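Residues per chain are reported as follows:
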Amino acid sequence: MLQTEKQYVQWQENETLHNALWLSESNHMPPARIVLVDDTTTADDAYRLACEGSSLLWRGDFHNARQLLQALGRRIDRTNERSELRKAKKAAKSTTESGSSNSKEIPNLFHQQRQLQAQRSRILSRLLLELDANYVSQLRRAPDVSAACTAAFGPLDKAMDESCVLSFRDLQGALGAAGWREKGVPIDSLGLSVFPHYGVFAPTRHEYVQLLLDAPLPASHDVAYDIGTGTGLLAIILAQRGVPQVIATDLNPRALACANENFTRLELPAVQLQQADLYPTDAPLANLIVCNPPWLPAKPSSSLEYAVYDAKSAMLRGVLQGAKQHLAEHGELWLIMSDLAEHLQLRTRDELLSLFADAGLAVKYRLDTQPKHGRSQDDTDPLHVARSAEVTSLWCLTLI
């Protein structure tokens, strides 16, 4: 979790003040106002309370809580659809009156969608449940969630015998991650699976894997770095292609544990792990550096979003600027980048090329592939025009 210090939440129940450890993967503050709800609470009442800022501590049947969460989601979606329809009518009227479309429509639409998603997340995260010190729920028909929660959030201090309160959505995330960790994500072009951990971005979109398989290795490729390894997928590809020494780095302890498990499972002794902010320390110069940085220059709001959003392109800039100090002579930097940011008007192609040039790097070649994920084909997605035009590239950069 993003939070580093213990936080607690309090509520009144049966004329007694209760206190519990507060867990929030999105680093939400402990709720100031808690209302007890159960099977008699209607979805409309729950939605009204959540929209007013109340958090809802569930005291009914476990499976009914899941149904309530789904009902809240439907009400949020209906409200958002009405809002989007009003905005669309207003935009159409503006276009008709001015005779031209608004050039700011696409980036505005992206930011509006992020705001709607954030609002949706806040409302849904207000449905809470309590677990004891062993991550056991006392609700009727509650499943065994202790193993999934321990893997996701770490063990609780049983000596303190304190319960914890978390959002039902965070619990669902932990249960979903446990499923991914058990069955893995198949990477068909490699004939293997990788096993994501909670809080580590799952490589469910992996059309770029073929780019890494197609790109010719530098003539000398004794040492390679994988910067921001995550599940370790890029390092695995390099090791399978015969690179003798691969050094994979990440700052996130969850990612390091996840990558280590994947490397061990695949018996890849050539891959070394190092906790580092971008580049490894005390390492030989690299003949090859690979990096799949977050593709969109926007501020992340949760730990998982750090794999998608890169505020002010900080990671991208850091990787590019550090290449000169870490690349061996005739070495190459392979940068995996989508151009979705360009279609969303968050960054231009010229700005990207300027980042390369400012770091003393030149483009040797570029390999492209089209997206294959479902959202690129979904014409009901508000950002469909941008997603359908997206191209993912492997940029091969060398020192000038």
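Procedures and definitions
- Residues numbered from 1 in each chain as written.
- Predicted model: local features only at pLDDT ≥ 70, side-chain atom pairs only at ≥ 80, totals over all residues.
- Heavy atoms only, no water.
- Disulfide = S-S within 2.5 Å.
- Buried < 20%, exposed > 50% of the residue type's maximum accessible area, 1.4 Å probe, protein only.
- pLDDT = per-residue confidence, 0-100.
- Contact = heavy atoms within 4.5 Å.
- Pairing = 2+ DSSP bridges.
- Helix = DSSP H or I, 4+ residues; strand = E, 2+ residues; numbered from the N terminus.
- Axes fitted to C-alpha atoms, helices over the stretch in contact; angles between N-to-C directions.
- Parallel < 35°, antiparallel > 145°, perpendicular 65-115°, else oblique.
- Nonpolar A, V, L, I, M, F, W, Y, C, P; charged D, E, K, R; others polar.
- Phe/Tyr/Trp six-rings, centres within 6.5 Å; stacked < 30°, edge-to-face > 60°.
- Lys NZ or Arg CZ within 6 Å of the ring centre and 35° of its normal.
- Core = buried A, V, L, I, M, F, W, Y, C linked by side-chain atoms within 4.5 Å.
- Salt bridge = Lys/Arg side-chain N within 4 Å of Asp/Glu carboxyl O.

J.: How do you make sense of the state of the cysteines when you look at a structure like this?
T.: Note on terminology: disulfide describes a covalent bond linking the sulfur atoms of two cysteines. Within this structure, the stated rule accounts for zero disulfides. C164 carries a free sulfur, and the closest cysteine sulfur to it, the one in C149, is 6.9 Å from it. The thiol sulfur of C291 is not disulfide-bonded, and the nearest other cysteine sulfur, from C396, lies at 14 Å. Owing to a relative accessible area of 0%, C291 belongs among the buried residues under this scheme.

J.: Would you mind going over the confidence of the model for the chain with me for this structure?
T.: Do not read the predicted coordinates in detail wherever pLDDT is low. When pLDDT is averaged across the chain, the result is 90; 92% of the residues are at 70 or more. In this model residues 91-102 is a low-confidence stretch, pLDDT under 50, and it forms two contacts with partners more than four residues away in sequence or in other chains.

J.: Where do I start with the sheet that holds strand β2 (residues 16-22) in this structure?
T.: Two orientations exist for strands paired in a sheet by backbone hydrogen bonds: parallel and antiparallel. Strand order across the open sheet formed by six strands is β1-β2-β6-β5-β4-β3, with mixed pairing between neighbours. Each edge of the open sheet is held by one strand with a lone partner, namely β1 (7-13) and β3 (34-37). Pairs of neighbouring strands in the sheet enclose a mean axial angle of 40°, with direction left out of account. Bridging between β3 and strand β4 (residues 55-58) involves four bridges; their strand directions are parallel. When the sheet's bridge partners are listed, L36 is paired in β4 with L57. Contacting β5 (127-131) and β6 (164-167), helix α5 (residues 168-183) runs over the sheet at an angle of about 85° to β6.

J.: Teacher, can you tell me more about the packing of helix α4 (residues 146-153) against α5 here?
T.: Two measures define how a pair of helices packs: the angle their axes make with one another and the distance between the axes. α5 packs onto α4 with a crossing angle of 95° between their chain directions and a minimal axis gap of 9 Å. The orientation of α4 with respect to α5, classified from their angle, is roughly perpendicular. Across the interface between the two elements, A148, C149, A151, A152 and F153 from α4 touch D170, L171, A174, L175, A178 and R181 from α5. Split by residue class, the contact of α4 with α5 holds nine nonpolar, no polar and two charged.

J.: Where do I start with the packing of aromatic side chains in this structure?
T.: Geometrically, a pair of aromatic rings is defined through the distance of the ring centres and the angle of the planes. Applying the stated rule across the entire model yields six aromatic pairs. Aromatic side chains F110 and Y309 sit 6.4 Å apart centroid to centroid with 50° between the ring planes, which places their arrangement in the tilted category. Of this pair, F110 sits in helix α3 (residues 105-124) while Y309 is found in the loop between β12 (286-291) and α9 (314-326), placing the two residues 199 residues apart along the sequence. Note on F110: relative accessible area 3%, which makes it buried. Pairwise contacts between aromatic rings join Y135, F153 and Y198 into one cluster. Here the basic side chain of K183 rests over the ring of W180, its NZ or CZ set 5.1 Å away from the ring centre. The residue whose ring lies beneath R265 is F195, and the NZ or CZ to ring-centre distance is 3.7 Å.

J.: What should I look at first to understand the sheet that holds strand β11 (residues 271-275) in this one?
T.: On the basis of which strands lie adjacent, the open sheet formed by seven strands has the order β11-β10-β9-β12-β13-β15-β14 and mixed pairing. With one partner strand each, in any of the chains shown, β11 and β14 (361-369) form the two edges of the open sheet. Taking the axes of each pair of neighbouring strands and ignoring which way they run, one obtains an average angle of 20° across the sheet. As defined by bridge partners, strand β13 (residues 327-338) adjoins strand β15 (residues 392-399) across seven bridges and the pair is classed as antiparallel. Opposite M337, over in β15, you have S393 as the bridge partner. Across the sheet, helix α8 (residues 253-265) is in contact with β10 (245-250) and β11; its angle to β11 comes to roughly 170°. Packing of α9 onto the sheet brings it into contact with β9 (223-227), β12, β13, β14 and β15, and relative to β13 it is tilted by some 165°.

J.: What should I look at first to understand the nonpolar core in this one?
T.: Generally speaking, nonpolar side chains in soluble globular proteins are found buried as a group. Residues L212, L320, W334 and L394 are the most contacted members of the largest nonpolar core, which totals 59 residues. Here this core gets seven residues from one element, more than from any other, and that element is helix α7 (residues 233-240). Other than its neighbours up to four places away in sequence, L394 contacts L211, L212, A215, W334, L335, I336, Y365, R366 and L367. Among the nonpolar cores identified, the runner-up in size contains 36 residues, and A46, L56, A65 and C164 belong to it.

J.: What is the right way to look at the pattern of salt bridges in this model?
T.: As a working rule, side chains carrying opposite charge can pair if their charged atoms are close by. Applying the stated criterion across every chain yields a total of 18 salt bridges. Between E25 and R254 there is a salt bridge, with the nearest N and O atoms lying 2.8 Å from each other. Linking E25 in the loop between β2 and β3 with R254 in helix α8, this pair joins segments that are 229 residues apart in sequence. Considered together, E25 and R254 belong to a single accessibility category, that of buried residues. In this structure, R349 and E342 form a salt bridge, with 2.9 Å as the shortest nitrogen-oxygen distance. Taking relative accessible area as the criterion, R349 reaches 27% and is therefore assigned partly exposed.

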